[in-house]
Each structure stands twice: as C-alpha cells, then as structure tokens.
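Below are the chains, spelled out letter by letter.
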Amino acid sequence: CLALSSITLLFCSTTFHFPLKAMTQLAILLVLLYTGVVHGALEACRAGAAPGTRDDGFVLHLLTDPRAVCLDGSPGGFYLRPGRGNDAKNFIVENEGGGWCVSTQDCLSRSHTDIGSSKGWPQRGCPGMDGGSNGMLSSDCSVNPFCNYTMVHLNYCDGASFSGDVANPVAVPASSSSNTDEHGQVGVLYYRGRAILDASVAALIALGMDKAETVVWKGCSAGGLSVYLHADYVHARLPTTVRFIAMPDGGFFLDSPTWGGQPGYTPLYQWVAQTQNVTGSVNSDCVRAYSATNETWKCFMAQYTLPFIRSPLYITQDLDDIWQLQNIARLPSACIAWPIGPSCTLQQIDFLHQFRFKMLAALSPLIAAAPSNGGYLTTCLNHCHQNVDSKWLKQQVSNQTLVASFVSWMASGPLQPLVIDDMLGRNPTCVYGY
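Residues numbered from 1 in each chain as written. Predicted model: local features only at pLDDT ≥ 70, side-chain atom pairs only at ≥ 80, totals over all residues. Heavy atoms only, no water.

(A) Seen up close, the environment of Tyr432. Mapped onto the fold, Tyr432 is located in the segment after strand 13 (418-420). Separated by 95 residues in the primary sequence, Tyr432 and Ala337 have C-alpha atoms spaced 8.4 Å apart. With residues near it in sequence (within four places) discarded, Tyr432 still touches Ile322, Ile336, Ala337, Trp338, Cys380, Leu381 and Asn382. Within the structure, Tyr432 has its side chain in polar contact with the backbone oxygen of Ile336 (distance 3.1 Å). (Helix = DSSP H or I, 4+ residues; strand = E, 2+ residues; numbered from the N terminus. Contact = heavy atoms within 4.5 Å. Polar contact = N/O pair within 3.5 Å; in protein donor to acceptor, adjacent residues only side chain to side chain.)

(B) View of the pattern of salt bridges. Summed over the entire model, instances satisfying the criterion amount to 10 salt bridges. Arg67 is the partner of Asp65 in a salt bridge, and the nearest nitrogen-oxygen pair spans 2.7 Å. Arg194 is the partner of Asp198 in a salt bridge, and the nearest nitrogen-oxygen pair spans 2.8 Å. On the criterion of helical spacing, the pair formed by Asp198 and Arg194 is a turn pair, its members being 4 residues apart in helix 5 (residues 193-206). (Salt bridge = Lys/Arg side-chain N within 4 Å of Asp/Glu carboxyl O.)

(C) Spotlight on the side chain of Glu94. Its location among the elements puts Glu94 in strand 3 (residues 91-95). Take Glu94: its relative accessible area is 0%, and that puts it in the buried class. In contact with Glu94, not counting residues within four places along its chain, are Asp130, Leu137, Val152, His153, Leu154, Lys218, Gly219, Cys220 and Asn387. (Buried < 20%, exposed > 50% of the residue type's maximum accessible area, 1.4 Å probe, protein only.)

(D) Here's a closer look at the confidence of the model for the protein chain. Per-residue pLDDT for the protein chain averages 87, and the proportion of residues at 70 or more is 85%. For residues 1-53, every residue scores under 50 in pLDDT, and the model assigns this stretch 78 contacts once sequence neighbours within four places are set aside. (pLDDT = per-residue confidence, 0-100.)

(E) Summary view of the environment of Thr258. Position of Thr258 among the secondary structure elements: in the loop between strand 8 (243-249) and helix 7 (266-275). For the pair Thr258 and Asn327, spaced 69 residues apart in sequence, the C-alpha separation works out to 8.6 Å.

(F) Geometry of the state of the cysteines. The tally for this structure, following the rule as stated, stands at 7 disulfides. With its sulfur 2.1 Å from that of its partner, Cys286 forms a disulfide with Cys299. The S-S bond linking Cys286 to Cys299 shows a torsion near -95°; that makes this disulfide left-handed. Of this pair, Cys286 sits in helix 8 (residues 284-291) while Cys299 sits in the loop between helix 8 and helix 9 (302-305), and the two are 13 residues apart along the sequence. Residue Cys286 is classed as buried on the basis of its relative accessible area of 0%. (Disulfide = S-S within 2.5 Å.)

Following this line, the structure appears as structure tokens:
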C-alpha cells in the first residue's frame with residue numbers, strides 16, 4: 001500500500017523533474033509495482049525534493065529532544081519555509097502521511113526508509129509524499145491564497161501517526177528469522193511518535209507559532225489521521241488568541257470488512273495501537289469513553305475519535321477513497337477504475353454504495369456541526385486533496401472548488417460550508433487517483 005502511494009506520486013506529481021520519457025516512466029512504474037520495492041520508491045520520491053532539483057524554500061530542522069526519535073533512533077524533525085509580509089505570523093503545518101507499520105518486521109523494514117529514519121533527509125526541499133510544495137503548501141499566490149503563511153512539513157518517521165509512546169527501545173530478537181527485515185538485518189526499534197509531536201510543537205512555539213493569528217493544522221492520509229487524533233492536544237498548547245483549525249485530508253479510515261466479508265484493516269490498527277502504546281497519546285475524552293468496554297484501540301481510528309473533537313474542523317475526504325477501496329475493502333482493481341461501476345459486479349456495486357453510506361454516517365458529527373465545522377466530501381476515487389494543484393483548484397463539488405470553499409468557510413462567506421458530492425462517481429471535474 002505504501003509502495004503504491006509513494007510510486008504514484010513519483011510518477012504523477014509535477015513536483016518531480018526526472019529526465020525520462022513518458023514510456024520509460026510507465027515501464028519503471030510497472031516494474032516497481034510488480035516487485036514492491038518500497039524503499040527504492042521512497043528514496044526516489046524524496047530525491048525529487050532534494051537540492052538541485054527544486055529549492056522551494058523549505059529547510060530541515062532536526063529535533064534536539066533525545067526522546068523524539070524515529071523508528072531507527074535518528075532524530076525526528078520538520079521542514080520550515082518562513083512566511084512573507086504580514087501573513088508570516090500565521091502557520092500552516094502539514095502532518096506527513098505514509099501509512100503505518102503493522103508488524104515488527106514491517107517496522108524494522110520501514111526503519112531503513114525515509115519514513116522510519118532521518119538519516120537520508122536532505123537539508124532543503126519539501127518532501128513529496130503528500131504532494132510536495134503544491135496546492136495548499138505552494139508559495140505561488142496564483143495557486144494558493146495562503147502563499148505567504150509560514151509553512152511547516154512535519155516529517156513522519158514513527159509508523160503510528162505521531163502516537164507511539166514506548167519509553168524503552170524495543171529489541172528485535174536476532175534468533176527470529178521472521179523478524180529479519182528485507183535487508184536481512186535485525187536491530188532495535190523506537191516507538192516515539194508522541195515525543196516527536198511534543199518536541200515539534202515546542203520547537204514551533206519557540207519559532208513564533210504561539211504569536212499567530214491563525215494556525216491550520218493539517219495532514220494527508222496517516223497524517224490526516226494524526227490531525228484527528230491530536231487536534232485538541234495541539235490546540236490546547238496554543239493561546240486562546242490563536243485561531244486554530246484542524247484540517248485532516250484523507251485520514252478518515254473506516255472500520256469496515258472487505259467486500260467479501262472478511263476482516264479488513266482494523267486488526268492491523270489494533271496491532272499498532274497495542275504495540276506502540278498509543279492510549280496515552282490520543283484523544284483523552286475518547287479513551288475515557290471506551291475504557292469501560294476495553295476498546296481504547298478505537299481511539300486510534302478517526303470515526304470513533306471524531307465525536308470527541310472540540311477543535312474547529314474542516315474535513316476533506318473522498319467517500320470513495322481509493323486507498324480504502326484497495327486496502328480495506330480490497331475490491332478488484334478493475335472495479336476501482338474511473339468512471340466507477342462498469343467493471344464491477346452487482347455485489348461489488350452494492351458494497352460501494354454501502355461503503356459511502358457508512359462513511360457519511362460516520363461523518364455525521366461533522367455534518368451536524370456545520371457551519372461551525374466545514375468540509376469538502378468528494379466521490380472521485382481520490383485519497384488526498386489539499387496539496388495537489390488540480391484537486392485544490394479545479395475539482396468541483398456543487399460548483400465549488402476546494403480552495404474557494406475553504407476560504408469562504410474561514411471568512412463565514414456565502415458559499416456552502418459543507419459540500420457533499422452527490423454525483424456518485426460521475427463528477428466530470430474529478431481528478432482520479434491519489
């Protein structure tokens with residue numbers, strides 16, 4: 001799953017400038033998808049933002065707190081681009097996505113990549129996992145009305161949406177071949193995502209985030225989940241003079257079986273929640289509510305956390321989320337194509353409709369809270385929206401673009417604060433894919 005999203009960005013994103021012809025790019029993409037070389041895909045993705053390729057003003061800041069370390073024990077960190085003019089005091093903070101590690105072997109393998117280690121992070125350039133410095137992170141004012149804000153990209157290297165809280169390093173036993181990663185190595189893992197979050201917030205406050213008029217705390221995919229899980233905590237760290245907006249993107253992962261009725265991704269979330277000890281890191285009101293039934297793992301999922309979030313929310317989410325249909329529902333690839341439907345069986349089409357209904361039902365706390373909360377809900381086989389120019393600027397729901405809708409909601413303007421795509425996979429403005 002991680003390889004697919006990374007490689008899709010490698011192939012499609014305008015952030016990258018590889019000297020390859022189109023057919024060569026396609027051939028490489030197919031080979032990588034076939035072999036599943038996650039590490040290589042991630043390194044290529046990161047190389048797209050390295051010095052000499054595109055210097056977009058983002059500079060790496062490594063954390064100095066000894067607890068705030070990636071899976072491999074290297075320091076966590078973030079990239080920051082200073083703002084300009086009067087808007088420089090305001091912050092947009094991107095929580096990077098990139099899935100989760102869902103077994104010890106998976107975490108060990110991940111610890112050798114840029115989403116498990118900071119050893120290979122370049123000194124300059126916004127990482128491309130979530131779209132790079134495009135869309136809402138763009139410095140181009142013709143693309144982004146927030147172009148002059150101070151921009152921050154929180155690098156994701158803990159494998160649990162900035163939530164892991166295990167004090168001691170976890171030794172991986174050399175005697176267990178099943179715990180040998182793809183490099184044939186064993187070692188030590190650090191589950192310290194919450195410490196990375198804590199240290200990042202402290203560092204950003206030291207850089208002036210507490211003096212902002214507006215802070216938009218956003219993120220894509222696993223980073224979007226992080227926004228749901230930690231919005232109230234981050235909000236509470238800031239003075240009441242700061243307008244705080246939580247803006248998760250593609251982070252609302254459903255607790256759902258596969259289309260064939262088998263357990264979906266939920267057991268993997270349970271493994272992450274237990275192994276990385278997230279209970280003390282996620283929404284405390286949610287944890288109290290589920291403690292009586294011994295289901296605190298649910299507070300690692302957005303649908304169970306959403307009713308307890310007190311911070312203002314603007315949610316962007318595709319009701320036909322392509323990542324979820326591939327990895328949670330596990331629908332055949334022929335069915336998950338644009339336009340939706342022609343290559344699906346009647347049973348699969350029925351599942352798609354039920355999946356949308358479940359998503360809308362789970363999002364009902366957002367819908368009920370409009371216009372205090374807002375949102376942009378598509379049915380475009382998208383995953384994330386905010387950092388892709390075409391989805392940010394051109395894709396429309398109810399004749400509203402995402403950028404226009406969000407700007408209007410922030411200003412209590414005339415546009416609908418919450419728009420829900422009712423075209424069910426037939427919206428002609430849709431931009432298909434990740």
